[in-house]
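Examination of the molecular architecture
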Amino acid sequence: MDTNTQPDGIELIRLADLTQSISVRLRSTEPTLETPAVRHYDAEAVVTSGFVSR
């Protein structure tokens, strides 16, 4: 897990090479309940690239 993540978040996958990467992580391990059978988790996709800068 990367050092900028929240302590209760979970990184699901990270694909990377030497200059770019993409990761998908859950922001929280606690779901939002719509109904007892439907749960949603907050997630984020983070893209890092060597050819894009702020």
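A short tour of the structure in this document, coming up. As a convention, each chain's residues are numbered from 1 in the sequence order in which they are written. Reporting in this predicted model follows two pLDDT cut-offs: at least 70 for local features of residues, and 80 or more for side-chain atom pairs to be given and counted; totals over whole chains, interfaces and linings ignore these cut-offs and use all residues. The basis for the side-chain values is all heavy atoms of the structure; hydrogens and waters are excluded.

A strand pair is defined by DSSP finding two or more bridges across the two strands. Counting from the N terminus, the helices are DSSP H or I runs at least four residues long and the strands are E runs at least two residues long. One open sheet accounts for three strands, arranged β1-β2-β5; its pairing is antiparallel. Each having just a single partner strand, β1 (10-16) and β5 (43-48) make up the two edges of the open sheet. Taken over all neighbouring pairs, the strand axes of this sheet differ in orientation by 15° on average, direction set aside. Sheet analysis places strand β2 (residues 21-26) next to β5, joined by six bridges and oriented antiparallel. Looking at the pairing, Ile22 lines up with Val47 of β5. Between N-to-C directions, angles cover 0 to 180 degrees, with each direction set by a line fitted to C-alpha atoms, over the stretch in contact for helices.

The topology assignment puts Pro31 in the loop between β2 and β3 (32-35). It is 7.6 Å that separates the C-alpha atoms of Pro31 and Asp42, two residues lying 11 residues apart in sequence. Note on contacts: a residue pair is in contact if any heavy atoms of the two residues lie within 4.5 Å. With residues up to four places along the chain from it excluded, the contact list for Pro31 reads Arg39, His40 and Tyr41.

Our next topic: the pairing of β3. Both β3 and strand β4 (residues 38-40) contribute to a ladder of three bridges, which runs antiparallel. Bridge pairing in β4 links Thr35 to Val38. Joining the antiparallel neighbours β3 and β4 is a turn of two residues.

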